[in-house]
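Structural overview
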Number of protein chains: 2
Amino acid sequence: MKKFIVPILVACSLPAFAVAQEGDSATLRKLADEVLTHSTAYENLRVLTKQIGGRLAGSPQMPKAEQWGVKALKAAGADTVYLQECMVPHWVRGAKEEARIISKRRDFIPPLNILALGNSVGSGPDGVTAEVLEVASFDELEAKKDQVKGKIVFYNHRFIPTNIKTFHSYGEAVMYRGQGASRAAKYGAVAVIVRSMSHGANNFPHTGAMRYDSAYPLIPAVAIGLEDADRLSLRIKDDTDAKVFLRTNCEMKKDTIGYNVIGELRGSKYPDQYITVGGHLDSWDVAEGAHDDGAGCVQSIEVLRSFKAQGIRPAHTLRVVLFANEENGTRGGTQYAAVAKARNEKHIFALESDAGGFTPRGFSTTVPAAMKAKIVSWKPLFEPYGINDFEEPGGGTDVGQLNAAIGTPMAELYPDSQRYFDIHHAANDVFEAVNKRELELGAFGMAGLIYLVDLNF
Amino acid sequence: MKKFIVPILVACSLPAFAVAQEGDSATLRKLADEVLTHSTAYENLRVLTKQIGGRLAGSPQMPKAEQWGVKALKAAGADTVYLQECMVPHWVRGAKEEARIISKRRDFIPPLNILALGNSVGSGPDGVTAEVLEVASFDELEAKKDQVKGKIVFYNHRFIPTNIKTFHSYGEAVMYRGQGASRAAKYGAVAVIVRSMSHGANNFPHTGAMRYDSAYPLIPAVAIGLEDADRLSLRIKDDTDAKVFLRTNCEMKKDTIGYNVIGELRGSKYPDQYITVGGHLDSWDVAEGAHDDGAGCVQSIEVLRSFKAQGIRPAHTLRVVLFANEENGTRGGTQYAAVAKARNEKHIFALESDAGGFTPRGFSTTVPAAMKAKIVSWKPLFEPYGINDFEEPGGGTDVGQLNAAIGTPMAELYPDSQRYFDIHHAANDVFEAVNKRELELGAFGMAGLIYLVDLNF
């Protein structure tokens, strides 16, 4: 029976579809060839990472990055390039942090490799010295709450290795970084050390945003490298009198001014309707912000450049947005959404790339059912490029603000995630960790999706 | 109409399938969890690459690598581990090669970054100094055959950037490395320089096997890094009197003895029927042979280890084979196939991993139609692991010998190929270029495929 049904299905459903998709298939191939042959994404990334470097909101690097963005968008062929002002947090790390195990034993103990978490208060010049209470979870913290007072709480929660998509492990673990300090301060902890959000095979500590619950004292929070987390855990089990000394020099200053950098390609039919594609310009200070999120910025610019190079004028206005501040405040996306709402702008779709410049595997989406069905119907168009995972729910942090404010359908490029948490928010997120072709294939995938959304909605 | 047909299809074709696949799905999940949690592949690779290093057939490293293989297979739980002798070529690079542009101009010209191609003759102690004739193809060589005499022919054929699967670009370009010397010697060339088989963004030269046609003089052949290929090309267009000096010290010695390292897990039902899984133990001398093919070796060992750890006893005997010599002779695979044929062994299936330890995307196959259909029917089982490309024709070089000799169905793990030709046969094919999780996911994919083949054939 199956043998009969399959041809019928093909006969009655494919032809119209096939005709429509044949032209799209050719356009996607042209976009792929354009990007893989003439992309400026990799060279743009080299300049951003190597000549400017890490660029936290409020840092001296940020104005340079904004100027880089303006120049790159103009070079890509944007009709209009402008800055959109917003207030951004201004957190500074200060002098290098330090931590070590203090023991009555006389053996040599190497220092602990730590990084203050973003938005954390500093320890003060004398640092903090205290015994360490290790917990693997908030449940364990609650069970041991009577032992917390005066201690440094050490969240030694391991990344789940068996998730195939590593973002699922991140999603499960990141609350210890985000909420760990206040949850421990509630019971009298004097500082927290958080096992890095990674399953990497090295000892880089991974920073990242934390936030305080103002109901409790603000205590210093640091990330620790995985090898040192294991070493610390072993040591305090064996050497029960051991303490840890840590000193951080970070500080939250007053909010300052930052800018979303925006480039537009004016729509031919609906110039007042927008499709947004973007990444965030800011990055943590400890590396070059190459994958996170220089990659997303240069890929977004490449969408516009490849459209121009291939003579594709979108029906709706394409807006490339390099968001001012994602890492420790999401102020760039919030401002962009607030302005869109205040102006009553019509936004068709928003696409973000903020999951690394790795081989693209698909797109995560938060879109209405009809749009989802349409996007899934494009799977055969993307299949030749190895892009075939359209099932993940999601969308980016920055475009998420637009979705929240005015309901804009949103998506995020979903790259292969195996290497992301090796480098995420760590000193090894550098240009050399980005592969040119992987970056370009991601840019192509984004261009292809934007092309199809523009044509069909 | 479509709405009616789809439920019918589901209703009449899925249930039996679903029941059969439910158990398989659970077993694959167990294998994935085992590998991602307890794999020894990455640590095995560290020892092979960092403690032994590059290991060309006949090199002093090779006996150490064989002993490593025996130990690793025993530790993984093989019932039997043994060596299978074969004759292997013994090519040595000798002292470091050198090349430079010789110009009448007085400007400083940095040396050219080259590597002798494997199996090439050396230049002799005085080296070769000659004008350079650049060609982009054999067609251009033929058109310019009258200009070749006394020259160094420079094959400056570029990798096609628009192929999504980079092996297709390699397949198109590798003939210049393999045949270029003799094709040029036919017309009187004194040496050849071959643009490296890569689209990498660096200047590493990529070596690899070449072979001579004995009808023509044996002339030295070298690979040149991509940046230096571009530089040389520009220079000789502008500085038409320029020559190149190159000196290589390589030499083909007499064949010597090598060994395939074999570990078996005895089959419970058909102990005299074999399923082979393997990679090649040899590697080029210029790096650590991490992706090529340490990865394939440790993944193959991991298949056996994960079966043992999960209590899976295969019906057929599982043979893990670390082939003695793939890079410059395929003598390991040839010998394995010759012995199998001579003993009239029954081989059900052979799987190779020799395309790098990157995120697995699928399997290339050369199998009968019925087996192909069965393998494709397993796609839903592999989909949760991002493994979904089963359409590529292929199979590995080593297991290809078994296929050629006795028709054994074969497959090769097909990983994401974007980074492979950045490091292939070059100095940067080192342990640090391998990601632990990507390596493990590949090993899991292999274990899953072997499990299903063993169960169904």
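Calculation criteria
- Residues numbered from 1 in each chain as written.
- Chains lettered and ligands numbered in written order.
- Predicted model: local features only at pLDDT ≥ 70, side-chain atom pairs only at ≥ 80, totals over all residues.
- Heavy atoms only, no water.
- UniProt positions renumbered as here; feature names shortened; annotations may be inferred.
- Helix = DSSP H or I, 4+ residues; strand = E, 2+ residues; numbered from the N terminus.
- Rg over C-alpha atoms; globule rule 2.2 N^0.38 Å.
- Buried < 20%, exposed > 50% of the residue type's maximum accessible area, 1.4 Å probe, protein only.
- Areas by Shrake-Rupley, 256 points an atom, 1.4 Å probe, with all protein chains shown as cover.
- Lys, Arg positive; Asp, Glu negative; His and termini not counted.
- Charge placed at Lys NZ, Arg CZ, Asp CG, Glu CD.
- Contact = heavy atoms within 4.5 Å.
- Buried area = accessible area lost by both parts, 1.4 Å probe.
- Salt bridge = Lys/Arg side-chain N within 4 Å of Asp/Glu carboxyl O.
- Nonpolar A, V, L, I, M, F, W, Y, C, P; charged D, E, K, R; others polar.
- Pairing = 2+ DSSP bridges.
- Axes fitted to C-alpha atoms, helices over the stretch in contact; angles between N-to-C directions.
- Polar contact = N/O pair within 3.5 Å; in protein donor to acceptor, adjacent residues only side chain to side chain.
- Expected span 1.5 Å × (residues − 1).
- Arc of directions from axis to C-beta.
- Left-handed = near helix turned anticlockwise from the far one by under 90°.
- Least-squares fit on C-alpha atoms with pLDDT ≥ 70 in both.
- 1 Å grid on protein atoms, 1.4 Å probe; cavity = no way out; pocket = protein on both sides within 12 Å on 5 of 7 lines; lining within 4 Å.
- Points joined across faces, edges and corners; volume = space filled by probe spheres on them.
- Phe/Tyr/Trp six-rings, centres within 6.5 Å; stacked < 30°, edge-to-face > 60°.
- Lys NZ or Arg CZ within 6 Å of the ring centre and 35° of its normal.

Where an unreviewed UniProt entry is consulted, chain A appears under the name Carboxypeptidase Q, with the organism given as Chitinophaga hostae. Reading the Subunit (unreviewed entry) entry of the UniProt record for chain A gives the comment "Homodimer. The monomeric form is inactive while the homodimer is active."

**Re the overall build of chain A**
A count of helices and strands for chain A gives 13 helices and 14 strands. In summary, chain A has a C-alpha radius of gyration of 24 Å against a globular reference of 23 Å for 457 residues, a match within 12%. Dimensions of chain A along its principal axes, counting C-alpha atoms only, are 80 × 60 × 40 Å. Across the 457 residues of chain A, 61% fall into the buried class. Split by element, the accessible area of chain A, about 17,300 Å² in all, is 54% carbon and sulfur. Each charge class in chain A was averaged separately, 51 positive and 54 negative side chains, and the resulting centres sit 1 Å apart.

**A closer look at the interface of chain A and chain B**
On the chain B side, the residues contacting the 32 residues of chain A number 32 residues. Both sides of the chain A and chain B interface together cover about 2,900 Å² of buried area, and 58% of this is carbon and sulfur. Of all residues in chain A, the largest losses of buried area upon contact with chain B belong to I164, Q418 and R437 of chain A, amounting jointly to 22% of the total for that side. Here chain A and chain B share two salt bridges between them. The closest approach of N and O atoms between E438 of chain B and R419 of chain A, which form a salt bridge, is 3.0 Å. Sort the elements by how many residues they give to the side of chain A that touches chain B and helix α1 (residues 2-38) of chain A lands first, with nine residues. Looking at the side of chain A that touches chain B residue by residue, the class counts come to twelve nonpolar, eleven polar and nine charged.

**Brief notes about the sheet that holds strand β14 (residues 410-415) of chain A**
All names here are of chain A. Taken in spatial order, the seven strands make up an open sheet running β1-β9-β11-β10-β12-β14-β13, and their pairing is mixed. If you trace the sheet from one side to the other, it starts and ends with β1 (80-92) and β13 (360-366), each paired once. Neighbour-to-neighbour, the strand axes of the sheet open up by a mean angle of 20 degrees, direction not taken into account. Direction of pairing for strand β9 (residues 251-265) relative to strand β11 (residues 316-323): antiparallel, over a ladder of five bridges. Paired with I262 across the two strands is V321, which belongs to β11. In this fold helix α8 (residues 331-342) packs onto β1, β9, β10 (270-280), β11 and β12 (346-352), with an angle of close to 135 degrees to the strand it touches most, β1.

**Observations regarding the side chain of N435 of chain B**
Its place among the elements puts N435 of chain B in the loop between α12 (420-423) and α13 (436-456). For N435 of chain B, a relative accessible area of 6% corresponds to the buried category. One polar contact links the side chain of N435 of chain B to the main-chain amide nitrogen of E438 of chain B, over a distance of 2.9 Å. Excluding its chain neighbours within four sequence positions, the residues that come into contact with N435 of chain B are Q418, R419 and D422 of chain A together with Y42 and G357 of chain B.

**With respect to helix α8 (residues 331-342) of chain B**
In an α-helix, one turn spans 3.6 residues, which is why side chains three or four residues apart end up on the same side. Residues and elements named next belong to chain B. When the terminal C-alpha atoms of α8 are compared, their 16 Å separation across twelve residues agrees well with the 16 Å that a helix rising 1.5 Å per residue should span. Within α8, burial applies to G332, G333, Y336, A337, V339 and A340. Around the axis of α8, the buried residues are gathered within 160 degrees of arc, so they sit on the same side. Summarising the geometry of α8, the exposed residues directed more than 90 degrees from the buried face are K341 and A342.

**Some remarks on the packing of α8 of chain B against helix α11 (residues 397-406) of chain B**
Residues and elements named next belong to chain B. Two elements in contact, α8 and α11, have axes separated by 7 Å at closest approach and are oriented at 35 degrees. Along this stretch, α8 crosses α11, giving a crossing that reads as right-handed. Across from G332, G333, T334, Y336, A337, A340 and K341 in α8, the residues of α11 making contact are D398, Q401, L402, A405 and I406.

**Description of unusual backbone geometry**
With omega at 0 degrees, the peptide bond leading from D292 of chain A into D293 of chain A counts as cis. We note that H425 of chain A has phi near 65 degrees; this positive angle belongs to a residue other than glycine. Examined against the element boundaries, H425 of chain A turns out to sit in the loop between α12 (420-423) and α13 (436-456). Its relative accessible area of 5% is what places H425 of chain A among the buried residues. For N119 of chain B, which is not glycine, the phi torsion reads 85 degrees and is therefore positive.

**Digging into the relation of the copies chain A and chain B**
Each copy of the sequence occupies a distinct position, and chain A is placed on chain B by a rotation of 180 degrees and an axial shift of 0.0 Å, giving an RMSD of 0.0 Å. With respect to symmetry, the two chain copies, as superposed, fit the operation of a two-fold axis. A shared interface surface links the copies, since 100% of the contact residues of chain A are contact residues in chain B too.

**Points about the pattern of salt bridges**
Applying the stated criterion across every chain yields a total of 66 salt bridges over all chains. The partner of R343 of chain B in a salt bridge is E345 of chain B, with the nearest N and O atoms 3.5 Å apart. By relative accessible area, R343 of chain B is classed as exposed at 54%. Look at the salt bridges and you will find they share partners, linking R105, D107, R235, D238 and D239 of chain A into a network.

**Notes on the sheet that holds strand β6 (residues 191-195) of chain A**
Residues and elements named next belong to chain A. Pairing within the open sheet is mixed, and its seven strands lie in the order β2-β8-β4-β5-β6-β7-β3. With one partner strand each, in any of the chains shown, β2 (98-102) and β3 (114-116) form the two edges of the open sheet. The average undirected angle you get between the axes of adjacent strands in this sheet is 30 degrees. Pairing analysis gives four bridges linking β6 to strand β7 (residues 221-224), with the strands arranged parallel. What sits directly across from I193, in β7, is V222.

**Describing the layout of surface pockets**
A volume near 1,100 Å³ is recorded for the largest pocket. For the lining of the largest pocket, the secondary structure elements donating two or more residues are α2 (41-52), α12 and α13 of chain A together with α12 and α13 of chain B. Per-element tally for the lining of the largest pocket: the top contributor is α2 of chain A, with three residues. In terms of residue class, the lining of the largest pocket is made up of 17 nonpolar, 13 polar and twelve charged.

**Brief notes about the environment of L265 of chain A**
Residue and element names in this part refer to chain A. Looking at the element boundaries, L265 is found in strand β9. Since its relative accessible area comes to 0%, L265 is described here as buried. Remark: the alpha-carbon pair of L265 and E438, spanning 173 residues in sequence, is separated by 25 Å. Residue contacts for L265: discarding those within four places in its chain leaves G77, D79, L304, F307, K308, I312, R313, P314, H316, T317 and L318.

**Examining the packing of aromatic side chains**
Counting across every chain of the model gives 36 aromatic pairs over all chains. Each ring, one from F167 of chain B and one from Y420 of chain B, has its centre 5.3 Å from the other, and the planes form 40 degrees; the classification is tilted. Here F167 of chain B, found in helix α5 (residues 166-185), pairs with Y420 of chain B, found in helix α12; they are 253 residues apart in sequence, far enough to count as distant. Both residues of the pair, F167 of chain B and Y420 of chain B, belong to the buried class. Between F167 of chain B and F421 of chain B, the ring centres sit 5.3 Å apart and the planes meet at 75 degrees, which makes this aromatic pair edge-to-face. Of this pair, F167 of chain B sits in helix α5 while F421 of chain B sits in helix α12, and the two are 254 residues apart along the sequence. Judged by relative accessible area, F421 of chain B falls into the buried class, the value being 0%. Each member of the aromatic cluster is reached from another via a ring pair, and the members are F159, F167, Y170, F358, Y414, Y420 and F421 of chain A. If you follow R183 of chain A out to its NZ or CZ, it ends over the ring of F138 of chain A, 4.0 Å from the centre.

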